[in-house]
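A look at the structure
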Amino acid sequence: EHSILMQEEMESDDEESDSKPKPNRILMTLLASMGCTYLLREHVDACKACKAAFTPRQDNADASEAGSDNSVYASSLRIAMQLGHTDTVLYMLKMLPLRDINMLVNDRTLLYHASYFATEGKGAQVAERLKCVDLLLQRGADPTKESPFMYRYPLNIALKVHHIPLLRMLLRNKQHK
């Protein structure tokens, strides 16, 4: 039975046997950007190439570097964070190997991205976005890892916009390390 969730598997059968199947960047990014966590999970479970892309291997390079399979995961995760699809972000972060928790995406750590986007919005939306920061910290993200970007550290973001809940979360976590 043909399904869009299996499309990459079928396309990869047509490729030369020695070439590695490529993840479907468009479908993965679309599902993440629309917050379709269930469909994203179904797709990743069904497609070996996409599953491999969703378990990035960090080699100190920026994971969003064009052309790498890591870029599919990195860009999909960043977009889901930016658009506030917390369930999708949490699903993707739980799949991330702990060794990659401090990976760079567009020259910023995942904790930097999550902290920055947590400062946008109001009330319940901010509380939802803070769940991403909390999960990253629980999984070992380092709030003192520098991002070669505007604010450099998540703590600087919290200070710049006077975001007390984020500031407390980052400081509380650093005290426990």
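The following paragraphs examine the structure supplied in this document. (Residues numbered from 1 in each chain as written. Predicted model: local features only at pLDDT ≥ 70, side-chain atom pairs only at ≥ 80, totals over all residues. Heavy atoms only, no water.)

Moving on, we come to helix 3 (residues 37–46). What helix 3 keeps buried is the set Thr 37, Leu 40, His 43 and Val 44. Along helix 3, the residues classed as buried sweep out an arc of 125° about the axis, all on the same side. (Buried < 20%, exposed > 50% of the residue type's maximum accessible area, 1.4 Å probe, protein only. Helix = DSSP H or I, 4+ residues; strand = E, 2+ residues; numbered from the N terminus. Arc of directions from axis to C-beta.)

Leu 93, Leu 110, Val 133 and Leu 136 are the most contacted members of the largest nonpolar core, which totals 44 residues. Where this core is concerned, the elements lending two or more residues are helix 2 (25–33), helix 3, helix 4 (48–53), helix 5 (69–82), helix 6 (86–95), helix 7 (110–118), helix 8 (124–138) and helix 10 (164–176). The dominant element in this core, judged by the number of residues it contributes, is helix 8, at 7 residues. Every residue in contact with Leu 93, bar those within four places of it in the chain, is listed here: Tyr 73, Leu 77, Leu 110, Cys 132, Leu 135, Leu 136 and Arg 139. (Core = buried A, V, L, I, M, F, W, Y, C linked by side-chain atoms within 4.5 Å. Contact = heavy atoms within 4.5 Å.)

Here we come to the side chain of Thr 37. Within the secondary structure layout, Thr 37 lies in helix 3. You can call Thr 37 buried: its relative accessible area is 11%. Sequence-distant contacts of Thr 37, defined by excluding residues within four places in its chain, comprise Asp 87, Thr 88 and Tyr 91.

The next thing to look at is helix 8. Over its 15 residues, helix 8 runs 21 Å from end to end, which matches the ideal 21 Å to within 8%, given 1.5 Å per residue. Phi for Gly 140, located one or two positions after helix 8, is positive at around 105°. (Expected span 1.5 Å × (residues − 1).)

Right, let's talk about the packing of aromatic side chains for a bit. Scanning all chains against the criterion turns up 2 aromatic pairs. Ring centres of Tyr 112 and Phe 149 lie 6.3 Å apart, and the angle between their planes is 85°; on these two criteria the pair is classed as edge-to-face. Of this pair, Tyr 112 sits in helix 7 while Phe 149 sits in the loop between helix 8 and helix 9 (154–160), placing them 37 residues apart in sequence. When its relative accessible area of 2% is taken as the criterion, Tyr 112 is described as buried. On the basis of an interplanar angle of 80° and a centroid distance of 5.6 Å, the ring pair of Tyr 116 and Phe 117 is categorised as edge-to-face. We note Arg 108 situated over the ring of Phe 149; from NZ or CZ to the ring centre the distance is 3.6 Å. (Phe/Tyr/Trp six-rings, centres within 6.5 Å; stacked < 30°, edge-to-face > 60°. Lys NZ or Arg CZ within 6 Å of the ring centre and 35° of its normal.)

Counting through the fold element by element, His 113 comes out in helix 7. Among the residues examined, His 113 registers a relative accessible area of 3% and is labelled buried. Apart from the residues within four sequence positions on either side, His 113 is in contact with Arg 78, Met 81, Val 105 and Arg 108.

Time to look at the packing of helix 3 against helix 6. At a minimum axis separation of 9 Å, helix 3 and helix 6 run at an interaxial angle of 30°. Between helix 3 and helix 6, the interaxial angle falls into the category roughly parallel. Here Thr 37, Leu 40, Arg 41 and Val 44 of helix 3 lie close against helix 6, whose contacting residues are Asp 87, Thr 88, Tyr 91, Met 92 and Met 95. (Axes fitted to C-alpha atoms, helices over the stretch in contact; angles between N-to-C directions. Parallel < 35°, antiparallel > 145°, perpendicular 65-115°, else oblique.)

Read these as layout, nothing more, since geometry by itself doesn't imply function.
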